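Residue-level listing of the chains:
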Amino acid sequence: MSETLFDDAGADAQRSQEPLAVRMRPRTLDEVAGQHHLLGKGSPLRRLVEDDAPMSLFLWGPPGTGKTTLATVVSRVTNRRFVELSAVTAGVKDVRAVIDDARRQMGMRGTRTLLFVDEVHRFNKTQQDALLPAVENRWVSFIGATTENPFFSVVSPLLSRSLLLTLESLGDDDIRSLLDRALTDERGLTGRYALTDEATEHLVRLAGGDARRSLTYLEAAALVAGDRSEITVDDVERAVDRHAVRYDRSGDQHYDVISAFIKSMRGSDPDAALHYLARMIEAGEDPRFIARRLVVHASEDVGMADPTALQAAVAAAQAVDLIGLPEARINLAQAVIHISLAPKSNAVISAIDAAMGDVRKGLGGPVPPHLRDSHYKGAKELGHGQGYKYAHDYPGGVAPQQHAPDAVADREYYTPTSHGAERRFGEVLQRLRQVLRGQ
C-alpha cells in the first residue's frame, strides 16, 4: 500500500514538472484541437480507431498540428502499447529491435504495439524497408509523422501500404479553445488565471496555428503574471519578448497595410515593402494571402517588363504551401525584393481590361471562317478552314492573315512600354503586326 502511495506521489510530482503542452495532451479524439476533416464522424481515422483495426498511417503536416498527439491518443484509445522512435537518432538495428519485441509481446501476452516514428522522412531507404515486414504482416500498427511531402521522402512500397492523412495548421478559433481549456483544466492552470482579450489575441497571433507554441507561451506568461489572477498582453510581451503588433486582420489595419505593401513594391521601394511584409507576418497574417497578392502584383505592375517576376511570385506561393512559416518568410522576402526592383509596366492589365471591355460592349462577332474547326464531317461544305494559312509555312513562322473577328480586327490591346524587357517585346510586336497585316 505504501509503495502505491509513493508511486502515486512520484507520478504526481513528475506530472507537475511537465510542460503545460505535455500535460494538456488530449486523452480522446474529441479533445484533439482542429483537424476536423480527419476526426469527423465516419472519417477513415475515426473508423479505424472505433473498430480497433490494425493500421498503418502517415501523418503529414506542419509542426504543432498534433501528429504526435494523434499517435498517442490512438494508442491510448485502442489500448496498444506505445513505442516511439525518432528518425533523427534511430537506425535499422533499433527498428528491428522494436519489431522483434512487439512480436514477442504479441505472442506471450497478446499485447499489441503501436510504433510511432517521428520525422520518418529522415529515414533512408534501408531504414524504411526495415519497416515493411512489420507493416505488411501487421506485427505492429505503424504511424509515421513527417513535415515533408511523403511522395518525395517515403519509399513507394511503404507508402502504398499506408493511409496518408494531411494535417492542417490550427485555425484561430482552435487555438482560442485550446487556451481556454488550458486555463481551466485540472491538468493545466486550474482556473488560477484569466486572459485579457488583447492577451488572447496576441497569443493566437504568436501561435501561428501551432498548438504546442500557444501553450508554451501561455505557460511563460503565467510565470510572469505571478500572483496576479489576470494575464495581460504586457505579460505575454515580456514572457515571449515579442511586441504585440496592433493589426486587425478584418479591419482597417489589414487593408491599410496591404495597400501600403502593394504601393511600396509598385513604387520600387524594397525597404518599405519588406517592412510591411514583416509587419504582416509578425501580426499573424495568412501567408497564403500575402503570396496571392504577390502573384497578382507581379503581372499587374511588372508584367512583361520582367516576366521572371511572376515566376518568382509563383515560386514563393508554392514555397508557402510546401514548407510554411517561419521558413517561407525568406521566399516571400525574395519575391518582394525581386518585384520591387523589377522595371514596372501595367500594360498586361491594361490589355486584358481593354479586351474585356470590348467584349462587354458586345464587340465580338463570329470567328473568321478560315479559323473555324474543320475536322468534323460537313465542315468543309460550310467553308470552315478554307483559306487558312499555316504559320510554319511562312518566313519567320508568321502568316499574313486576320485572326480577330471583324468587329475588333483593328484593336491593339497590348501596348508595351519601353521599360525593361518590354522594350524588346514592343519592337517584336511592331514587326509582327506589320507582317500580320501584310504590310
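Just so it is clear, the model here is predicted, and its values are computed rather than measured. (Residues numbered from 1 in each chain as written. Predicted model: local features only at pLDDT ≥ 70, side-chain atom pairs only at ≥ 80, totals over all residues. Heavy atoms only, no water.)

**Q** Explain the pairing of strand E3 (residues 113–118) to me, please; I cannot follow it from the model alone.
**A** Within a regular beta strand, the side chains point alternately toward one face of the sheet and then the other, so they alternate between its two faces. For E3, the buried fraction is high: five of the six residues fall into the buried class. When strand E2 (residues 81–86) meets E3, the two strands line up parallel, connected through six bridges. By the bridge assignment, Glu 84 is partnered in E3 with Phe 116. For the crossover from E2 across helix H6 (residues 92–109) to E3, the handedness is right-handed. Pairing of E3 with strand E4 (residues 141–146), which is carried by four bridges, proceeds in the parallel orientation. The residue bridging Phe 116 from the neighbouring strand is Ile 143, located in E4. (Buried < 20%, exposed > 50% of the residue type's maximum accessible area, 1.4 Å probe, protein only. Helix = DSSP H or I, 4+ residues; strand = E, 2+ residues; numbered from the N terminus. Pairing = 2+ DSSP bridges. Right-handed = clockwise from strand over helix to strand, strands pointing away.)

**Q** Would you mind going over the sheet that holds E2 with me for this structure?
**A** What links the strands of a sheet is backbone hydrogen bonding, and the strands pair in either a parallel or an antiparallel sense. Spatially, E2-E3-E4-E1-E5 is the arrangement adopted by the five strands of the open sheet, whose pairing is parallel. The open sheet terminates on both sides in strands that have one partner only, identified here as E2 and strand E5 (163–166). Strand after strand, the sheet turns through a mean of 20 degrees between neighbouring axes, direction not considered. For strand E1 (residues 56–60) and E5, the ladder comprises four bridges, and the chain directions are parallel. Along E5, the bridge assignment pairs Phe 58 with Leu 164. Its contacts with the sheet place helix H5 (residues 67–77) against E1, E2, E3 and E4, and it is angled at close to 175 degrees to E3. Contacting E2 and E3, H6 crosses the sheet at an angle of about 175 degrees to E2. (Axes fitted to C-alpha atoms, helices over the stretch in contact; angles between N-to-C directions. Contact = heavy atoms within 4.5 Å.)

**Q** For this particular structure, what's the right way to read the nonpolar core?
**A** General note: in soluble globular proteins, nonpolar side chains tend to be found buried as a group. Within the largest apolar cluster, 28 residues are counted, with the highest numbers of intra-cluster contacts made by Leu 195, Leu 218, Ile 231 and Val 236. Looking at this core, the elements with two or more residues in it are helix H2 (20–23), helix H11 (172–184), helix H12 (197–207), helix H13 (211–225) and helix H14 (233–240). With seven residues, the top contributor of residues to this core is H13. Leave out the neighbours within four places in its chain, and Val 236 touches Ala 199, His 202, Leu 203, Leu 206, Ala 221, Ile 231 and Asp 241. Counting 26 residues, the second largest nonpolar core, distinct from the first, contains Ala 309, Ala 333, Ile 339 and Ala 342. (Core = buried A, V, L, I, M, F, W, Y, C linked by side-chain atoms within 4.5 Å.)

**Q** Got a minute to help me understand the side chain of Glu 422 in this structure?
**A** Assignment of secondary structure puts Glu 422 in helix H21 (residues 422–436). A distance of 2.8 Å separates polar atoms of two side chains, one belonging to Glu 422 and the other to Thr 417. Residues in contact with Glu 422, not counting those within four places in the same chain, are Met 304, Ala 305, Ser 345, Ala 347, Tyr 414, Pro 416 and Thr 417. (Polar contact = N/O pair within 3.5 Å; in protein donor to acceptor, adjacent residues only side chain to side chain.)

**Q** Sorry if this is basic, but what is going on with H5 here?
**A** For H5, a buried count of nine out of eleven residues is recorded, marking the element as mostly surrounded by other parts of the structure. If you follow the buried residues of H5, they end up packed against helix H3 (36–39), helix H4 (44–50), E1, E2, E3 and E4. Of the residues one or two after H5, Asn 79 is the one with positive phi, at around 55 degrees.

**Q** Before we go on, may I ask you to explain the confidence of the model for the protein chain in this structure?
**A** Keep in mind that low pLDDT regions are not for reading the predicted coordinates in detail. Averaged over the protein chain, the pLDDT score is 86; the fraction of residues at 70 or greater is 92%. The secondary structure element of the protein chain with the lowest average pLDDT is helix H1 (residues 2–17), at 54, and the one with the highest is helix H19 (residues 328–341), at 95. (pLDDT = per-residue confidence, 0-100.)

**Q** Can you help me understand the side chain of Thr 200 in this one?
**A** In this structure, Thr 200 sits in helix H12. The exposure class assigned to Thr 200 is buried, which follows from its relative accessible area of 13%. Not counting residues within four places of it along the chain, the set of residues in contact with Thr 200 comprises Arg 176, Leu 179 and Leu 195.

**Q** Whenever I open this one, the pattern of salt bridges confuses me. Can you help?
**A** In a structure, side chains of opposite charge can pair up when their charged atoms sit close to one another. Tallied over the full model, the rule gives 23 salt bridges. Between Arg 23 and Glu 219 there is a salt bridge, with its nearest N and O atoms 3.7 Å apart. Placement of the pair is Arg 23 in helix H2 and Glu 219 in helix H13, with a sequence separation of 196 residues. Arg 23 gets classed as buried once you look at its relative accessible area, which sits at 17%. Overall, the relative accessible area of 24% leaves Glu 219 in the partly exposed class. Put simply, Arg 46 and Glu 50 hold a salt bridge, and the shortest N to O gap is 3.9 Å. Placement of the pair is Arg 46 and Glu 50 together in helix H4, with a separation of four residues, close to one helical turn. The exposed category is assigned to Glu 50, whose relative accessible area is 56%. Where salt bridges share partners, they join Arg 27, Glu 31, Asp 185 and Arg 187 into one cluster. (Salt bridge = Lys/Arg side-chain N within 4 Å of Asp/Glu carboxyl O.)

**Q** Teacher, can you tell me more about the packing of aromatic side chains here?
**A** How two aromatic rings sit relative to each other is set out by the distance from centre to centre and by the angle between their planes. For the coordinates displayed, the defined rule picks out two aromatic pairs. With a centroid separation of 5.5 Å and 75 degrees between ring planes, the pair formed by Phe 58 and Phe 142 is classed as edge-to-face. You can see Phe 58 sitting in strand E1 and its partner Phe 142 sitting in strand E4, a full 84 residues away along the chain. Pair check on accessibility: Phe 58 and Phe 142 agree, each one buried. Centroid distance Phe 82 to Phe 116: 6.1 Å. Interplanar angle 25 degrees. Geometry classified as stacked. Of this pair, Phe 82 sits in strand E2 while Phe 116 sits in strand E3, and the two are 34 residues apart along the sequence. For Phe 116, a relative accessible area of 0% corresponds to the buried category. The aromatic ring of Trp 139 is capped on one face by Arg 103, whose charged end is 3.8 Å from the ring centroid. (Phe/Tyr/Trp six-rings, centres within 6.5 Å; stacked < 30°, edge-to-face > 60°. Lys NZ or Arg CZ within 6 Å of the ring centre and 35° of its normal.)

**Q** Sorry if this is basic, but what is going on with the packing of H12 against H14 here?
**A** When two helices pack together, you describe them by how their axes are tilted relative to each other and by the distance separating the axes. Contact pair H12 / H14: the axes reach a minimum separation of 7 Å and the direction vectors enclose 35 degrees. Between H12 and H14, the contacting residues are Glu 198, Ala 199, His 202, Leu 203 and Leu 206 on the first element and Val 233, Val 236, Glu 237 and Val 240 on the second. Taken together, the residues of the contact of H12 with H14 sort by class into six nonpolar, one polar and two charged. (Nonpolar A, V, L, I, M, F, W, Y, C, P; charged D, E, K, R; others polar.)

**Q** Help me understand the packing of helix H18 (residues 308–323) against H19 in this model?
**A** Between H18 and H19, the least distance of the axes is 9 Å, while the angle of their chain directions is 170 degrees. In this view, H18 runs roughly antiparallel relative to H19, as classed from their interaxial angle. The handedness of the crossing between H18 and H19 comes out as left-handed. Contacts between H18 and H19 involve Thr 308, Ala 309, Ala 312, Ala 313, Ala 316, Ala 319, Val 320 and Ile 323 from the former and Ala 328, Asn 331, Leu 332, Ala 335, His 338 and Ile 339 from the latter. Residues belonging to the contact of H18 with H19 are distributed by class as follows: eleven nonpolar, three polar and no charged. (Parallel < 35°, antiparallel > 145°, perpendicular 65-115°, else oblique. Left-handed = near helix turned anticlockwise from the far one by under 90°.)

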